[in-house]
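Each chain, written out:
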Amino acid sequence: MIIAIITRTSIAAVGDQFTATTTMLGRGYRMLRRQPLLFPIMLVQPMVWLLLYSQLFNRLPRLGGFGTDSYLQFLAPGIAVISAFSHGAWEGPGMIADIERGALDRFLTTPMPPSTLVVSRTVQAAIIGSLQAAAVVAVAYAFGARPNDLISVLVILVSAALICAGFAAFSYALALLFRRQETMIAVGQFAVLPFMFLSATLTSVAQMPPWMQEVSALNPVSWAVDAARTSMLGTAGSRVLVDLAVLVLLVAAMQVFARFALGRYRRAL
Amino acid sequence: MGNVIEVRHLVKRYGDVEAVADVSLALPEGDVLCLLGPNGAGKSTTVRILSTLTRASAGSGQIAGYDLNRQTRQIRQSIGYVAQEAGTDAYLTGRENLLVQAAAHRIRGRAAQDRVAELLELVQLEYAADRLARTYSGGMRRRLEIAMGIVHRPRLLFLDEPTTGLDPQARTALWSGLAGIAAEQQLSILLTTHYLEEADQLADRIVIINGGRVVAEGTPAELKARVATDSDHPAGLDEVYQRYAGPVEEVLAP
Ligand SMILES: Nc1ncnc2c1ncn2[C@@H]1O[C@H](COP(=O)(O)OP(=O)(O)OP(=O)(O)O)[C@@H](O)[C@H]1O
Ligand SMILES: [Mg+2]
């Protein structure tokens, strides 16, 4: 009896969360669609990275440890992941805009579950991140870098979605704690380069100095790149599942952090 | 009929600042209560607590019959809140803003479309319904925000300085509109304002806050009678305000 009630209320809660999330996604989509140049830039930027780096470092695989002779093939999953990461790291300013315009406060006085305000944005970011990854995979394909199979494409998209979601939630948390647009812009500008260079995005770990190898192993971007790349190259083992599981944990932890930050935000209102 | 607001000894501290030091309020169902007080008195902070946006550091009470500290979700279903700097989404149209707000209250589909059309008519924004809110004038935006605040037919509406920045005509238009809604829907309203004549006309009850404390309360007539020095000449509300809105030490001095 009690269990039945608990199950029913938690199903109702999930249902609430779901409908509220679709509401917020619809709002987000309309607002994004009206930003001029946004979608073209979102899709072209990863391609610029992909084509520039693949030209610049074309000969890199000769150094060894890349698992393929084609640098484009090696690079594509890395760029897919780092584009999604970058999108996530730049999510903070959108949250600040909602805070500054009073939209966040407005939703906080509706019966919508407060967590929706973080969850829906995270889902939206993850969708965009994986679309960017899909565009990278498509362009790489057009230039001759074939993914191993369809499942490997799926793994690339999921890795991109997870890394994006993790860092998006992290930047929402910072936005809610600091509430400063300049801070969030600085975070976005700072994040991409160190996370990219201190990971296996551009080069094989074997080519890094030892200290960098150690840092890279702790960098979530490396976990996502690892899962995406071994899938792309068809060398994936059970390690992929570990990488993805750890990324899921990262997303969950960042959701908790963002919820905590939302609580702090409310108390400071 | 009971009170839609019944709160006791609310306190809100931000670090060392005590924005609300001691506020107790009661609002009978169907009435309009005006919160008056100088800048920084704690009006907006009080409204943010009552609307469940933020939690009081201390104090308790009921809003729409629900416990302020424990039943926030039920309270949110029963109230509308329009902030001092309220947030419409600039890149949504007026209609879309209303539809999103309706959906946040779980009103969707046909019911939402109908309700939104009704509200657009009520606040006279039909002609601009499908324009982006960023193209609205201040007065239009304020009317949209108020419509958003009542999309779910709340019992109680909080309005923080709803008429600030509006021209005199827009202000009167807004008030006659709101009075209409309030009468029709049995809506209780708590609003803050710096326009004394507005309070005088609209309020069933006035509460003056100063330095985070309630320094005076009553019907407009009661307050005027209390301040009058000469029983043949009742005071105006501006004299009442003068008496209670000065430096808080003087006001509280016996
Ligand atoms: N989020 C906050 N953090 C810190 N201090 C705050 C915060 N909000 C308000 N205060 C302080 O609390 C006091 C009351 O502010 P509040 O906004 O409630 O006043 P108000 O009566 O609405 O004034 P106004 O008429 O100017 O709108 C002020 O001293 C203000 O500086
Ligand atoms: Mg205020």
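Please read these numbers as outputs of a predicted model, since none were measured by experiment.

This part takes up the overall build of chain A. Looking only at helices and strands, chain A has 11 helices and 0 strands in total. Listing the helices and strands of chain A from first to last along the sequence gives α-α-α-α-α-α-α-α-α-α-α. By the compact-globule yardstick of 18 Å for 269 residues, chain A fits well, its C-alpha radius of gyration being 20 Å. Viewed in the frame of its principal axes, chain A has a C-alpha envelope of about 60 × 50 × 35 Å. For chain A, the proportion of its 269 residues judged to be buried stands at 52%.

Moving on, we come to the nonpolar core. Of all hydrophobic cores here, the largest spans 163 residues; its most connected members are Ile5(B) and Ile63(B). Other than its neighbours up to four places away in sequence, Ile63(B) contacts Val4(B), Ile5(B), Val7(B), Leu50(B), Leu68(B), Ile75(B), Ile79(B) and Leu156(B).

When charged atoms on two side chains of opposite charge get close, those side chains can pair. Residue and element names in this part refer to chain B. Per the counting criterion, the structure on display carries 22 salt bridges over all chains. For Glu-29, the salt bridge is made with Arg-155, and the minimal N-O distance between the two is 3.0 Å. Taken as a pair, Glu-29 in the loop between strand 2 (17–28) and strand 3 (32–36) and Arg-155 in the loop between helix 5 (138–149) and strand 7 (156–160) lie far apart in primary sequence, 126 residues in all. On the accessibility criterion, Arg-155 (34% relative accessible area) is partly exposed. The closest approach of N and O atoms between Arg-142 and Glu-145, which form a salt bridge, is 2.5 Å. On the criterion of helical spacing, the pair formed by Arg-142 and Glu-145 is a turn pair, its members being 3 residues apart in helix 5.

The next thing to look at is the UniProt feature "transmembrane region" (unreviewed entry) in chain A. With numbering aligned to this structure, UniProt lists the feature "transmembrane region" (unreviewed entry) at residues 37–56, 71–90, 125–144, 150–178, 185–206 and 240–262 of chain A. Between the first and last C-alpha atoms of residues 240–262 of chain A the distance is 33 Å; the span itself is 100% helix and 0% strand.

For the magnesium ion (ligand 2), the full set of protein donor atoms is Ser44(B) (OG) and Gln84(B) (OE1), and the range of their distances to it is 1.9 to 2.1 Å. Taken together, the residues span a long stretch of sequence, with Ser44(B) in helix 1 (residues 43–50) and Gln84(B) in the loop between strand 6 (79–82) and helix 3 (94–104) at a distance of 40 residues.

Right, let's talk about the site of ligand 1 for a bit. Residues and elements named next belong to chain B. Residues in contact with ligand 1 amount to 16 residues; listed here are only the nearest, Asn-39, Gly-40, Lys-43, Ser-44 and Thr-45. Here an oxygen atom of ligand 1 and a backbone polar atom of Ala-41 are 3.2 Å apart. In the complex, the protein chains occlude 66% of the 630 Å² of accessible area that ligand 1 would expose alone. Here the shell around ligand 1 is composed, by residue class, of 6 nonpolar, 7 polar and 3 charged.

Cut-offs used in this document
Residues numbered from 1 in each chain as written. Chains lettered and ligands numbered in written order. Predicted model: local features only at pLDDT ≥ 70, side-chain atom pairs only at ≥ 80, totals over all residues. Heavy atoms only, no water. Helix = DSSP H or I, 4+ residues; strand = E, 2+ residues; numbered from the N terminus. Rg over C-alpha atoms; globule rule 2.2 N^0.38 Å. Buried < 20%, exposed > 50% of the residue type's maximum accessible area, 1.4 Å probe, protein only. Core = buried A, V, L, I, M, F, W, Y, C linked by side-chain atoms within 4.5 Å. Contact = heavy atoms within 4.5 Å. Salt bridge = Lys/Arg side-chain N within 4 Å of Asp/Glu carboxyl O. UniProt positions renumbered as here; feature names shortened; annotations may be inferred. Donors = N, O, S within 2.8 Å, 3.2 Å for Na, K, Ca; no water. Near = heavy atom within 4 Å. Polar contact = N/O pair within 3.5 Å; in protein donor to acceptor, adjacent residues only side chain to side chain. Areas by Shrake-Rupley, 256 points an atom, 1.4 Å probe, with all protein chains shown as cover. Nonpolar A, V, L, I, M, F, W, Y, C, P; charged D, E, K, R; others polar.

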